[in-house]
Amino acid sequence: MSYAERSRRRAEELGKQDTVRILALETSCDETAAAVVENGRKILSNVVFSQIDLHELYGGVVPEIASRAHMEACDRVADQALREAGLSLGEIDALAVTKGPGLVGALLTGVNCMKGLAFAADKPLVGVNHIEGHVSANYLSYPELEPPFLCLVVSGGHSHLVEVADYGTYRLLGQTADDAAGEAFDKAARVLGLPYPGGPRIDALAEEGNPEAFTLPSPKTEGRYDYSFSGLKTAFMNTVHTLEQRGEALPKADLAASFRRAVCRELIGKARLLLTEAEQDGAEGIKGINGFALAGGVSANRELRRMAAEMCGELKIPLFMPELPLCTDNGAMIGSAAYYRLRNGETAGLDLNAVPALKLV
Ligand code: KG4
Ligand code: ZN
């Protein structure tokens, strides 16, 4: 019997088992991360090895450096995740790995590492969509959360409003026409001379600034629930350059606060539109959801979390926000997403490949 056939049979058996433990690896960008997750909901270990030090010098992620660093770290990080969970590889039921989207070399390193391990240990392997991983971080922070819910996915590469209709079933309701929110934060940070990664630095600086100090335009989009951040970014750059040309010292905290306010207002504004239109007959919105969730690196943003709480309070709908370490890239979110895929009988063969431009829907 082939490995693929054995995996399929094993996945079926796991469907009848009370406890399923998955060892998951994430290497799509600049974090080598591994975790052991039980039944998609309980973190037994979660190890994140960040490469920030390696890339800081270049002001952004250098793909070749990322691949090499993943290659050196992935075995060690996976071992550490097992050790911290107090389990041996033999006690793990299945393995999971991010297959995309992300940097091709970085993804390939993780995919090959886990294919080798899965074949050697003769365990089923699940290839996971990174964005689905971010959404699933909510299942770890809220063990009671069940679909359907509306999710704002905001990371370095994505700004999506999706309806999570069921486990693994998504309806795309809005997306960015150009830059992702995280990308916009990172670019604005660079204009202010802040080091990589810029999002958290802008966020911290903004806490001390006046968000009304500078007026930035509201983006125009074709789709009612779509996003666009490139105009906002250009307006921000022009504001900074005008101040520089006048020889004025940059009020960095006020600039950061104004930019953060403009981005978050836009992100939450479209979500609010969807949630309120859900009440109207014939609207394109959503109905019967269990709440509103945030996901992705930008969901660590303090202002975004405050605005989301305010909106959900007003609309009287439950709010779900992953704990801070689960907002940015980690292995546990991959382990959670993998559990639900495995439950659907989805296993990968040894032909599993990296898909750098993989879509969620
Ligand atoms: O989800 P993530 O860790 O990786 C991707 O899948 O892209 O997101 C990384 C992005 C970066 O652009 C980073 O600057 C941004 O999330 N980010 C933040 C914050 N923390 C991370 N942006 C704004 N405020 C934050 N606190
Ligand atoms: Zn991510």
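**Points about helix α4 (residues 104-121)**
Okay, step 1: Relative to the 26 Å expected for 18 residues at 1.5 Å per residue, α4 spans 25 Å between its end C-alpha atoms, a close match to the ideal helical length.
Okay, step 2: The complete set of buried residues in α4 reads Ala106, Leu107, Thr109, Gly110, Val111, Cys113, Met114, Lys115 and Ala118.
Okay, step 3: Of the surrounding secondary structure, the elements contacted by the buried residues of α4 are α1 (3-14), β1 (21-26), α3 (63-85), β4 (94-100) and β5 (125-129).

**Some details on the packing of helix α7 (residues 198-206) against helix α9 (residues 252-277)**
Okay, step 1: Between α7 and α9, the shortest axis-to-axis distance is 8 Å and the interhelical angle comes to 110°. Here α7 is positioned roughly perpendicular relative to α9, judged by the angle of their axes. The handedness of the crossing between α7 and α9 comes out as left-handed. Along its contact with α7, which presents Ile202, Asp203, Leu205 and Ala206, the element α9 presents Lys252, Ala253, Ala256, Ala257 and Arg260.

**As for α7**
Okay, step 1: Turning to α7, its buried residues number three or more, namely Gly198, Gly199, Ile202, Asp203 and Ala206. Looking straight down α7, one finds that the buried residues subtend no more than 135° of arc, so they occupy a single side.
Okay, step 2: As for α7, its buried residues are in contact with α6 (181-191), α9 and α10 (302-315).

**Thoughts on the coordination of the zinc ion (ligand 2)**
Okay, step 1: Around the zinc ion (ligand 2), the protein contributes the donor atoms His130 (NE2), His134 (NE2) and Asp329 (OD), at 2.0 to 2.1 Å from the metal centre.
Okay, step 2: Around the zinc ion (ligand 2), the six donor atoms sit at angles spanning 54 to 167°, and that spread fits a shape best called irregular.

**Some points on the packing of aromatic side chains**
Okay, step 1: Within this structure, the stated rule accounts for 10 aromatic pairs.
Okay, step 2: With a centroid separation of 4.0 Å and an interplanar angle of 5°, the aromatic rings of Tyr167 and Tyr340 are classed as stacked. Here Tyr167 is found in the loop between β7 (159-166) and β8 (169-175), whereas its partner Tyr340 is found in helix α12 (residues 332-343), with 173 residues between them in sequence. In this structure, Tyr167 and Tyr340 share a single accessibility class: buried.
Okay, step 3: With a centroid separation of 5.0 Å and 85° between ring planes, the pair formed by Tyr339 and Tyr340 is classed as edge-to-face. Here Tyr339 matches Tyr340 in class, with each residue buried.
Okay, step 4: Ring pairs connect the aromatic residues Tyr139, Phe149, Tyr167, Tyr339 and Tyr340, which therefore count as one cluster.
Okay, step 5: In this structure, Arg76 packs its charged tip against the face of Phe49, placed 5.2 Å from the ring centre.
Okay, step 6: Taking NZ or CZ as reference, Arg343 lies 5.3 Å from the ring centre of Tyr167, over its face.

**Considering the sheet that holds strand β3 (residues 42-50)**
Okay, step 1: As summarised here, the arrangement of the five strands in space is β3-β2-β1-β4-β5, forming an open sheet in which the pairing is mixed. What marks the edges here is a single partner per strand, and that holds for β3 and β5. Averaged over neighbouring strand pairs, the angle between their axes works out to 20° when direction is ignored.
Okay, step 2: As paired strands, β4 and β5 are joined by five bridges and run parallel to one another. Within the sheet, the bridge partner assigned to Leu95 lies in β5 and is Leu125.
Okay, step 3: With respect to the sheet, α4 is in contact with β1, β4 and β5, its orientation differing from that of β4 by roughly 160°.

**Notes on unusual backbone geometry**
Okay, step 1: The omega angle of the peptide bond from Gly100 to Pro101 is -10°, so this bond is cis rather than trans.
Okay, step 2: Along the chain, Pro147 connects to Pro148 via a cis peptide bond; the corresponding omega equals 5°.
Okay, step 3: Tracing the sequence through the fold places Pro148 in the loop between α5 (130-141) and β6 (149-154).
Okay, step 4: One non-glycine residue, Asn39, adopts positive backbone phi at about 50°.

**With respect to the side chain of Asp329**
Okay, step 1: Its location among the elements puts Asp329 in the loop between α11 (324-327) and α12.
Okay, step 2: Here Asp329 is buried and forms no salt bridge, its nearest opposite-charge partner Arg305 lying at an N-O distance of 13 Å.
Okay, step 3: Apart from residues no more than four positions distant in its own chain, Asp329 is found in contact with Glu26, Ser28, Cys29, Glu31, Val48, His130 and His134.

Calculation rules
- Residues numbered from 1 in each chain as written.
- Chains lettered and ligands numbered in written order.
- Predicted model: local features only at pLDDT ≥ 70, side-chain atom pairs only at ≥ 80, totals over all residues.
- Heavy atoms only, no water.
- Helix = DSSP H or I, 4+ residues; strand = E, 2+ residues; numbered from the N terminus.
- Expected span 1.5 Å × (residues − 1).
- Buried < 20%, exposed > 50% of the residue type's maximum accessible area, 1.4 Å probe, protein only.
- Contact = heavy atoms within 4.5 Å.
- Axes fitted to C-alpha atoms, helices over the stretch in contact; angles between N-to-C directions.
- Parallel < 35°, antiparallel > 145°, perpendicular 65-115°, else oblique.
- Left-handed = near helix turned anticlockwise from the far one by under 90°.
- Arc of directions from axis to C-beta.
- Donors = N, O, S within 2.8 Å, 3.2 Å for Na, K, Ca; no water.
- Tetrahedral: all angles 85-135°; square planar, octahedral: opposite > 155°, others 65-115°.
- Phe/Tyr/Trp six-rings, centres within 6.5 Å; stacked < 30°, edge-to-face > 60°.
- Lys NZ or Arg CZ within 6 Å of the ring centre and 35° of its normal.
- Pairing = 2+ DSSP bridges.
- Lys, Arg positive; Asp, Glu negative; His and termini not counted.
- Salt bridge = Lys/Arg side-chain N within 4 Å of Asp/Glu carboxyl O.

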